[in-house]
Amino acid sequence: MKSHQRKPEILRAWNGTKTAELLRSPGKFGLGQVPDKKTPDATTSMVCGFCATGCGLNIHLKEGEAVGLTPDTRYPVNIGMACPKGWEALAPLQSNERASQPLLRSSRDSQLEAVDWDTAMKAFSSKFKAVQEKHGKESVAFISTGQICTEEMAFLGSLSKFGMGIKHGDGNTRQCMATAVAAYKQSFGFDSPPYTYQDFEESDTIVLIGSNLCIAHPIMWQRVMRNKNQPKIIVIDPRKTETAVAATHHYPIAPKSDLTFFYGIAHILIANGWLDNDFIAKHTEQFDGFIEHVKTFTPEFVSQKSGIPAEDIYELACMIHEGKNVSFWWTMGVNQGYEATRTAQSIINLALMTGNIGRPGTGANSITGQCNAMGSRLFSNTTNLLGGHDFANPEHRAKVCEVLEIPDEVIPDAIGMPYNQIIDGIESGSIRGLWIIATNPVHSWINQGRLKKLLGQLDFLVVQDMYSTTETAVHADLVLPAAAWGEKDGTFINSERRIGLAKKVAKAPGQALSDFNIFRLIAQYWGCGELFKKWTSPEAVFQMLKMLTNNQPCDITGIEDYQMLDKNGGIQWPHPAGAELVDNQRRLFSDNQFYHPNGKAKFHYEAVKPLPEPSDNAFPFTLLTGRGTSAQWHTQTRTGKSKVLQALYPKHCYVEINPKDAHELGIESNSMVTLKSRRASIEATAFITPTVSPGQVFLPMHYSEVNQLIQDVFDPYSSQPNYKHSAVALFPAKKINQTVKQSQQVGHT
Ligand SMILES: Nc1nc2c(c(=O)[nH]1)N[C@H]1C(S)=C(S)[C@@H](COP(=O)(O)OP(=O)(O)OC[C@H]3O[C@@H](n4cnc5c(=O)[nH]c(N)nc54)[C@H](O)[C@@H]3O)O[C@H]1N2
Ligand SMILES: Nc1nc2c(c(=O)[nH]1)N[C@H]1C(S)=C(S)[C@@H](COP(=O)(O)OP(=O)(O)OC[C@H]3O[C@@H](n4cnc5c(=O)[nH]c(N)nc54)[C@H](O)[C@@H]3O)O[C@H]1N2
Ligand code: SF4
Ligand SMILES: [Mo]
């Protein structure tokens, strides 16, 4: 059928149902360079450097260098499975686009030229210091990542804030996990995703909200497939995603109607007395206010707002009530919203009121994105003081000073500005120097056109990346060449709080250095090397970070060293000194004790707000964005380098359009269309498919033009961007070209 054009076979191969086949015979799909069994000199195991699932990979070595990899069959996370990115994890290292030398632009109009590290470091220090002298210390900021090792994040956060006088630094985790962090902190008293992956296997009712597990976390989906309870798998997503197709129930709610929808579910649970009253009374507070709050969210009202029939809403509430072990999982469909924190909490509230937390197969579970977003949340020194501490708390500052052996006055007593305010600061002139580490904002940040313009206003821009060709690196005044995953040692923390090891199994190209060693060099050239004399190696830093977690919810003082992590297949926090590693997994709150001083969890709720940019006559479509295929990673700097992965996804930007809309607009499959928002217009290939509802279109985030369209609106509590809702217009490309030409002609006459 023409109007129901299908994705190429190879693309569809990564939908949930075909995943198992692929895992059984990866060779058939050309994945991985499985080494000749006779040649490997040795094999070592380490965690994958793409997503937060944190799979274990066996790296096969010849003379100490990686020659191939296979998924680790003993690692408790993936038990012998990997997705295409994992199989191809070594490929991105071999590319002639790698940054192999520092590059410096001597003046605004000149080209980037290769220089040695001494010149690069002198430029870094002298330029940033000059900016600070002229405009104040706070005029230099950094933007970092969830994709370098924990020890490196801690080094960056400490070097910049304790050594260089930088106050404002934030991570790309702001684009991703900030909402979950804010929601957990307010509800539980600490940023604490409570689950272990075993919960996917033990639930009888799995509720996935704004989460396309089959594409974004395919190995977690495999854990769902191992569930022997014939679970109800419920997907709440405006699109009929690969995960929705594989689920038992799909609720295609109107985009961003989640908050209303979940208040509506709570209303039904309360009206029917389907509550765990004992749990609510003993372990929570503010429930009475919540009862009042959801009174007006009747099934009829909620149906009207969410587009889901009232009887289906009731059916979902029934399933939640009847399930013995109900688990709620959410990802970016929730976190990336203008009222995201309250939405995440409306999910947490459902788990609390039904007592679905702390037991196997339950939980209010935010799924993490990047390999070390969880490391960033605790140790990047951006939103918390190292180890989940509070910058404003003098006792916390004193503890950090003691462990790091640094003077008290170097620690700021307040957190810095979030990402969006740093960008606003460039516009207002308060931020004049910017250091970007392991993130590619010129592609990934919201309302991209504005950001591009603003970067040009900086006095000095440094980009530290493994490639010199990223959309962001080409704007830099100085590029610092970084070693990548596989070329350095350190730890990552995965979505279930498991600390795993990354290892050096390949040489970095040319003069590229690990981020860790770049930070060491900077400390020396900046003149604050003395403060960091204990920061000699990633493992030395791990030992200090470990001591910092003493008595924190994330206490890992029981982890002796890297070897212990290696031997045990990673270890989840908490693991305090003296604790035993029983079957090496644990979930939080099995004792019903939350992290607020009174040990109780809190119900949070608020009035629902109107859409910031509803569709209208001029922009009648709602634009959704997200992950396209399992073979594409974000801005594609890494996955775009693998020939095998390239074969698994469309090269050019495509837009998913419902057949009815395509028909009405005269758009044919595979033709070019123009998408226009209030900010920009872009072209994409039409992919006509009923997976999106009429009135909605979907663009995968992996194509650099996408974020030009999106309105820069943020959640007030988490400052996370509202990536998943903007109003756009859609035209067949020919038509708009004609219209433009006509209007130009009119203009000329
Ligand atoms: N292959 C691959 N895997 C990845 C990544 C990658 O780039 N490629 N990135 C990793 C990272 S960093 C992250 S954060 C995760 C993201 O993982 P996911 O969040 O699962 O991925 P997305 O596709 O961004 O968004 C999930 C779904 O949210 C839906 N959605 C949009 N608006 C709404 C809404 O208003 N309500 C609801 N309920 N749903 C909505 C979208 O239709 C989409 O299907 O993936 C990780 N895994
Ligand atoms: N429209 C839309 N936009 C989105 C999203 C969406 O759903 N929709 N999702 C958002 C989310 S959840 C995320 S997480 C962001 C991701 O956005 P980005 O962080 O910008 O995406 P990446 O492509 O992962 O960028 C990582 C960069 O680090 C470099 N790199 C990799 N490893 C290393 C290393 O070890 N050291 C150094 N120094 N550099 C390294 C890579 O080459 C790359 O340039 O995008 C966000 N943008
Ligand atoms: S699922 Fe994530 S961690 Fe596992 S192999 Fe794929 S990208 Fe790597
Ligand atoms: Mo993310």
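Quick caveat: nothing in here was measured; it's all calculated off a predicted structure. Residues take numbers from 1 onward in each chain, read along the sequence in its written order. Written order determines the labels here, with chains lettered from A and ligands numbered from 1. Note on the predicted model: pLDDT of at least 70 is required for a residue's local features to be given, and 80 or more for side-chain atom pairs to be given and counted; whole-chain, interface and lining totals, by contrast, use all residues. In computing side-chain values, all of the structure's heavy atoms are included and hydrogens and water are not.

What follows covers the site of ligand 3. Nearness is judged by heavy atoms alone; a residue qualifies as near a molecule or strand once a single heavy atom is within 4 Å of it. Taken together, C48, F50, C51, T53, G54, C55, A82, C83, K85, G86 and I219 make up the full set of residues near ligand 3. Class assignment for the residues of the shell around ligand 3 results in seven nonpolar, three polar and one charged. Under the scheme applied here, ten amino acids are nonpolar (Ala, Val, Leu, Ile, Met, Phe, Trp, Tyr, Cys and Pro), four are charged (Asp, Glu, Lys and Arg), and all others, including Gly, are polar.

All right, on to the site of ligand 1 then. If you check the shell around ligand 1, you find 33 residues, and the closest are A216, D237, K256, D258 and Q632. Here a polar contact means two N or O atoms within 3.5 Å. Within protein one must be a hydrogen donor candidate and the other an acceptor candidate, and residues neighboring in sequence count only if both atoms are side-chain atoms. Measuring from an oxygen atom of ligand 1, one finds a backbone N or O atom of R627 at 2.8 Å. Computed with the Shrake-Rupley method and a 1.4 Å probe, the accessible areas treat only the protein chains shown as cover for residues. Expressed as a share of its isolated accessible area of 910 Å², the protein-covered part of ligand 1 is 100%. Helix and strand labels come from DSSP, where a helix needs a run of H or I of at least four residues and a strand needs a run of E of at least two; each type is numbered from the N terminus. At the level of secondary structure, the elements contributing two or more residues to the shell around ligand 1 comprise helix 8 (213–216), helix 16 (332–335) and strand 21 (621–626). Here the residues of the shell around ligand 1 are counted per class, giving eleven nonpolar, 15 polar and seven charged. Viewed by domain, the shell around ligand 1 spans two of them, domain 2 (194–366) and domain 3 (621–743), each represented by three or more residues. Delimitation of the domains relies on an automatic or database domain assignment.

Glancing now at the domain arrangement of the protein chain. In terms of domains, the protein chain is made up of domain 1 (103–175 + 374–572), domain 2 (194–366) and domain 3 (621–743). When checking whether two residues touch, look at their non-hydrogen atoms; a contact exists if any pair is within 4.5 Å. Contact residues are listed per partner, giving 19 residues for domain 1 and 24 residues for domain 3. Accessible area that two parts lose when put together, with a 1.4 Å probe and added across both, is what the buried area reports. Looking only at domain 1, the three residues that lose the most surface to domain 3 are H443, I446 and N447, adding up to 33% of its buried area. Every case where a carboxyl oxygen of Asp or Glu lies within 4 Å of a side-chain nitrogen of Lys or Arg is listed as a salt bridge. Across the domain 1-domain 3 interface, the total number found is one salt bridge. Where domain 1 touches domain 3, the interface holds 16 residue pairs in polar contact (both at pLDDT 80 or more). For the side of domain 1 that touches domain 3, the secondary-structure elements that each account for two or more residues are helix 21 (441–444) and helix 22 (448–455). No other element matches helix 22, which puts three residues into the side of domain 1 that touches domain 3. Among the residues making up the side of domain 1 that touches domain 3, the classes are represented as six nonpolar, ten polar and three charged.

What follows concerns the sheet that holds strand 18 (residues 498–504). Whether two strands pair depends on DSSP finding at least two bridges between them. Ordered by their spatial adjacency, three strands build an open sheet running 17-18-19, and the pairing between neighbours is antiparallel. In the strand order of this sheet, the two ends are held by strand 17 (487–493) and strand 19 (571–572), each with one partner. Pairing analysis gives two bridges linking strand 18 to strand 19, with the strands arranged antiparallel. Across the sheet, I499 pairs through a bridge with I571, a residue of strand 19.

Bringing the confidence of the model for the protein chain into the picture now. Fine structural detail should not be taken from predicted coordinates in areas where pLDDT scores are low. Of all residues in the protein chain, 93% have pLDDT values of 70 or greater, and the mean over the chain is 93. Residue-level confidence of the predictor, termed pLDDT, takes values from 0 up to 100. Segment residues 1–20 is flagged for pLDDT under 50; beyond a separation of four residues in sequence, or across chains, it makes 50 contacts in the model. With pLDDT under 50 throughout, residues 736–749 is counted as low confidence; its partners more than four residues away or in other chains account for four contacts.

This structure, assessed with the given rule, holds 31 salt bridges. Here E613 ties to R679 by a salt bridge, and the two come within 3.0 Å at their closest N and O atoms. With E613 in the loop between strand 20 (601–602) and strand 21 and R679 in the loop between strand 23 (672–676) and strand 24 (681–688), this pair connects stretches of sequence that are 66 residues apart. Three exposure classes are used, based on accessible area relative to the maximum for each residue type with a 1.4 Å probe and protein chains only: buried under 20%, partly exposed in between, and exposed over 50%. Relative accessible area serves as the criterion here: at 25%, R679 is assigned to the partly exposed category.

So, on to unusual backbone geometry. That bond from W573 to P574 is cis: its omega, 0°, falls within 30 degrees of zero. Positionally, P574 belongs in the loop between strand 19 and strand 20. Backbone geometry at N381 places phi at a positive 65°, although glycine is not the residue there. With relative accessibility at 0%, the residue N381 sits in the buried group. One non-glycine residue, A438, adopts positive backbone phi at about 55°. Position of A438 among the secondary structure elements: in the loop between strand 14 (433–437) and helix 21.

Glancing now at the packing of helix 4 (residues 117–135) against helix 23 (residues 515–526). A fitted line through C-alpha atoms serves as each axis, taken over the contacting stretch for helices, and the angle formed by two N-to-C directions is quoted from 0 to 180°. Between helix 4 and helix 23, whose axes approach to 10 Å, the crossing angle comes to 60°. It follows that helix 4 is oblique to helix 23 by the angle criterion. Between helix 4 and helix 23 lies a crossing of right-handed hand. Listed contacts from helix 23 to W117, D118, M121, K122, F124, S125, F128, K129 and Q132 of helix 4 are I518, L521, I522, Y525 and W526. Per-class residue counts for the contact of helix 4 with helix 23 are nine nonpolar, two polar and three charged. The scheme is simple: roughly parallel for angles under 35 degrees, roughly antiparallel for over 145, roughly perpendicular for 65 to 115, oblique for anything else. It is the rotation of the near helix from the far one that decides the hand of a crossing: anticlockwise by less than a right angle makes it left-handed, clockwise makes it right-handed.

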